[in-house]
Amino acid sequence: MIRVALDGLRSRALLSIGTLVLLVIAVASAVVGPAFTVAVGNSYAISRLSEAPNPITGRTWEFQPTGRTTPEEVLADARAAVRVPDGQHDLSVQLETARLPAPGNYGEVQLLARDDACDHLEIEGRCPERPGETIILAGDAEEDDLAIGDRMELGEPLGSITVVGTYTYPTGPDLDTADLAALEDYWFDPARLASVPPTLVGNPERGGRVLPRRPAPYLVTTDHFEAVPSQDWVVRVDTLIDVPADLDARRLSDLGSATEPVPERLATGTLVEVSRNDLGGVTSDIERERRTAVSSVTPAVVSLVLVALALLSRLTTAAGDLRVPDLALASLRGASRPRVWLLAVAEPVLLVVIALPLGVAVGIGLTGVLIRAWLAPGLPLPLPPAAWLATAAVTAAAVAVCALAVRGVLSRTLADQLSGHLRPRRAGRTTAAAVLVLVAGTLVVTTAAVTRTSGGSTDAGDLILPVLVAAAFGVAATAAARSAAAWLARRRPLGIVGFLAVRAVARRAAGTLVVLPLTVAIAVCTFGAGVYDAAATWRASVAATQAPAHTVWGSELPMSEAVALTHELDPEGRWLMAAGTLVAQDATYVAVDGDRLGRVATWHETWTPGRDVEEIAALLTGTPLPTVTGRRLGLTVTVPNGSEPVTIEVRLRSVEGEVNGYYIGPFAPGTSSLVERVGCPRTCTVEGLLIGGGAGLPVELDGTFALGPLEMDGADRSDVLTDGGWQLTSADELQQVADEVATTSDGLTVRATGRGLAGLTAGDIPSVRPVVAGREATDSIGDVAGGTATSTAGQPPPVTAAVTAESVPFVGPQGAAIDYAMLSANRAIFDSEFDVRVVATGDTPQRIDDALAARGLVITTTQQREMERLDGTAYAIVLRLYLVTAVLVLLMAVAGLAVSTAVQLPGRRLDAASLSVVGVRRRTVLLSVALEQGVVLGAAGLAGLAAGSLTQWIVLRRITLGQVEGVSWPRVVAWVDPSLLSLVAAGVALLLGAVAVVSAWATVRRARGASLREKAR
């Protein structure tokens, strides 16, 4: 029996090779799926732990010595006191002082000594070499007007110290990711080198206070500490997490976690842990991501296996068709039915036996290749028990498919066996019942998928939905092609080519049997490519949310000073934009410099479809607020006759965010000019004007008041009035009696009637400010206590959602974007409440980067780093299998189609030869065969594309394509990319068209009358 099976495999080599390839792919897929998933989980754990901020995964201790000792002894005592926990390494120590107040404008200063510190900074000047020398942050040197060689008097207990250089944190373009990581590991937390200006905390009217300035540490030699009392010494000890290359993600708890800090009193001093360690939270996220990745890889593997089995069924059936005469002969010679069954099953089962070790070897090899190409270096190849269970299941399924295909061949009648090919016939009860079950199951699973809530994990319905829908579409396409061809054949359409083509489709069952497996293959290909593309688009959206520009700098500056700094360094707004997040009562806001948003920031296309970033910026901003610089403000005012004298209050906001009202007046009836001293040595923003009595009290106003010209330090600045976008302040914000404001050639005219105040606001700022609201924030936006602009001090004014977006920078779908001028104009917004960042474009000049670093800003992330981090997540890596699956499925479909077509060539050549004998031209036969193949393959292609697009749209409405780590992450947008669908359709059409043309050419090439004579013999 084995010899007979081997002879059969050799005689039908093309079918045997095709079947063997499909079996090998199915078995290899069963190995790759579980093994690669485990490897992805391990790799993700390694990368996530390695890239997490050091304070989150590392540990920090502070050691304060007891008694007088030398700096070297204190450092040694601190090293000895810290017991490095399991899973930590690289014990590093640095000697520093507590924050100590210094006279003048220095604030609370800190000295720091650490070996090789200058090698990890960019130094101008030289490194301190002896006691009494220091290097300071370049921005602090500029702030304190210090130069190299200047002496600083820091008072007791620090004494005096000489500046021998300045430093900045390295940020140059020559630094790659590895260099930046090494710098962060050395300093543990680069934010320690930031300079913090004086900060207002809370409402001054309710007990708020101003925290003193905290300049960046002054770097000194270790010997310098001998002149400082030891009770002011602090040794800071840091350890980094140790991430082994063979880490098992299922045993993350072995890395250890931080405990509650408990001071430990030792003979040499006091040791207390001050870690911000959240290793437990990080490992929980990793475990959740790992479990989700396991479920997400299953659809790709299942789809690949099912397509392979579907094509295997077709090829096994084709092989059985070729063996019908042999099986009939065995029956005629008296072979029992079991023996005939054994003879029929021997060949496919032998192929399964051969394919099993080959598939396992290919699966292990492919897993190793994928691990080396995509995962962390040095990661071992895992072979979990799930891989062997999946292999056994696929093998059993392959045997079952072969048995079912043989059963279909052996159940044919003698008439079918004697005919040259199988004719279409009405479906039997079993087939009809199977089709009804398929359709009913498809409707149930599809309805359940559509009605389920979004954001859930992958379940069994998601696993089978693409194949189930594709099978239903394939059955429908097969029936439609046959029915349409039969109807057209009966009507005898014009043209011999068309008639021959539709007659062949209607009368040749083997030709349309390829529709079902081909539809499934194309659907899975479309679905896999679409899911991969949707996931990539989603990750780009997340990266743009986390890093809405090429580079993101972290800053300790107040928001107003950050805005002023970007305007100072980049007056034209080409490269820099300040942005700050503010947690308010109604929502979390991100305040942006709206005028620069369109030129600097990234606004992902899925956030506001149909609206680009320039249109969003135009919605958020009004007329730019006018600015002035100087110390003497002059104003000419015309007061109508009969009116009381008035005083003009001019509200100016300094770059530090301080708002001051300067009163100019009183102005008597008639035209007069007055000058008032103002504090704007640096640029001030003009926010508003108020016409009233002394100290801003109400007064009787009646008539038209003319304001202007306006001068600053003797220079004409009437443009402040003419180009400032002035309008009347909302009546809700003051006792407004003005009813009209107009612009003249040199100023403004205001008409007012009644007792009260005439208030003007610059910048075309409406009483209800426009915002771009995240999808999940639209219901709460503008819900401020009291509902008025003056209701709650420190809170944003009333706002309205001008646009609803899927996400906004930094705060995602649960926040809102607002222009900073709109947010802060005429409002008491506390700058200390902002989490401030400065975003920069990729072509920012190095001189501007250096200036930002000199002011103490540090690069916190980049858009490229966020994309790399997201692309390295377990979900992203696993989803690459969908792309691999799409390519493999399409190649399998084409290979299976080529083999199936080759099997049908003898019968087709006989038909073509018959037509040639009766006088049909060769060209006509060629076109008819090509048209027949085009109809069949076109039906399969259209059905597959439709099924794949539909299942993609359904599944993307609820599936998670990445682990959402917080509320600031946008959701996956369920849509089918027309460009990608067109690309897939073009590829499918090209491949299927090539198969149709080659099949037609091969059919006609050897179709001669001699073939009929050979058949007759």
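As a reminder, the structure under discussion sits directly above these lines.
The numbering scheme is per chain: residues are counted from 1 as the chain's sequence reads. Local features in this predicted model are restricted to residues of pLDDT 70 or higher, and side-chain atom pairs are both shown and tallied only at a pLDDT of 80 or more, whereas totals for entire chains, interfaces and linings draw on every residue. Here the side-chain values reflect all heavy atoms present in the structure, with hydrogen atoms and water set aside.

(A) Representation of the overall build of the protein chain within the structure. A run of DSSP states H or I qualifies as a helix once it reaches four residues; a run of E qualifies as a strand once it reaches two. Both are numbered from the N-terminal end. Tallying secondary structure elements over the protein chain gives 27 helices and 33 strands in all. Only protein chains enter the accessibility calculation, which uses a 1.4 Å probe; a residue whose area is less than 20% of its type maximum is buried, one above 50% is exposed, and one in between is partly exposed. For the protein chain, buried positions account for 53% of its 1017 residues. Residue contacts follow a heavy-atom distance rule, with two residues in contact if any of their heavy atoms lie within 4.5 Å. By sequence separation, contacts in the protein chain at least 24 residues apart represent 81% of the contacts at least 6 residues apart. Surface exposure here means Shrake-Rupley accessible area, sampled with a 1.4 Å probe, where a residue is shielded only by the protein chains that are shown. Put simply, the protein chain shows about 43500 Å² of open surface, and 57% of that area lies on carbon and sulfur atoms.

(B) Inspection of the state of the cysteines at higher detail. Note on terminology: disulfide denotes any pair of cysteine sulfur atoms within 2.5 Å. For the structure shown, the criterion picks out two disulfides. Note that Cys118 is cross-linked by a disulfide to Cys127, the S-S spacing being 1.8 Å. Here the disulfide of Cys118 and Cys127 is right-handed, its torsion about the S-S bond being about 75°. Accessibility expressed as a relative area gives 16% for Cys118, which makes it buried. Sulfur-sulfur distance for the disulfide between Cys680 and Cys684 comes to 2.2 Å. Of note, the bridge from Cys680 to Cys684 carries an S-S torsion of about -110° and is left-handed in sense.

(C) Quick peek at the sheet that holds strand S33 (residues 858–862). What the eight strands build is an open sheet, ordered S30-S29-S31-S18-S17-S32-S16-S33; its pairing is mixed. Edge positions in the open sheet fall to strand S30 (799–805) and S33, since each of these has one partner strand only. Direction aside, neighbouring strands of the sheet carry axes that sit 30° apart on average. Strand pairing is assigned whenever DSSP identifies at least 2 bridges connecting the two strands. Sheet analysis places strand S29 (residues 769–774) next to strand S31 (residues 815–819), joined by two bridges and oriented antiparallel. If you follow Ala773 over to S31, its bridge partner there is Ala816. Where helices are involved, their axes are fitted lines through C-alpha atoms of the stretch in contact, as for all axes, and angles between N-to-C directions lie from 0 to 180°.

(D) Geometry of the pairing of strand S17 (residues 576–583). Among the eight residues of S17, seven are classified as buried, and the element is accordingly described as predominantly covered. Of the strand pairs in this sheet, S17 and strand S32 (residues 835–840) are connected by six bridges, and their pairing is antiparallel. For Ala578, the partnering residue across the bridge sits in S32 and is Val838. One ladder, built from five bridges, connects S17 with strand S18 (residues 588–592); its direction is antiparallel. Within the sheet, the bridge partner assigned to Leu582 lies in S18 and is Tyr589. Joining the antiparallel neighbours S17 and S18 is a turn of four residues.

(E) Geometry of the pattern of salt bridges. Any carboxyl oxygen of Asp or Glu that lies within 4 Å of a side-chain nitrogen of Lys or Arg is treated as forming a salt bridge with it. Taken as a whole and assessed by the stated rule, the structure comprises 28 salt bridges. With a shortest N-O distance of 3.7 Å, Glu129 and Arg126 are connected by a salt bridge. A residue is classified by how much of its surface remains accessible, and Arg126, at 30% relative accessible area, is partly exposed. Put simply, Arg869 and Glu866 hold a salt bridge, and the shortest N to O gap is 2.9 Å. Here Arg869 pairs with Glu866, and both are found in helix H23 (residues 863–871), just three residues apart, close to one helical turn. Among the residues examined, Glu866 registers a relative accessible area of 10% and is labelled buried. A single salt-bridge network, built from bridges that share partners, covers Arg126, Glu129, Arg130 and Glu133.

(F) Just a negative patch on the surface, in detail. A surface patch of like charges, here negative, comprises Glu72, Glu73, Asp223 and Glu226. Relative to the helices and strands, Glu72 is located in helix H4 (residues 71–81). According to the relative accessible area criterion, Glu72 is partly exposed, its value standing at 43%. What makes a patch is a set of residues exposed beyond 30% relative accessible area and free of salt bridges, joined within 9 Å when like-charged and within 5 Å when nonpolar (Val, Leu, Ile, Met, Phe, Trp, Tyr). The charged-residue count follows a simple rule in which Lys and Arg add positive charge and Asp and Glu add negative charge, with His and chain termini not counted at all. By convention, the charge on Lys lies at NZ, on Arg at CZ, on Asp at CG and on Glu at CD.

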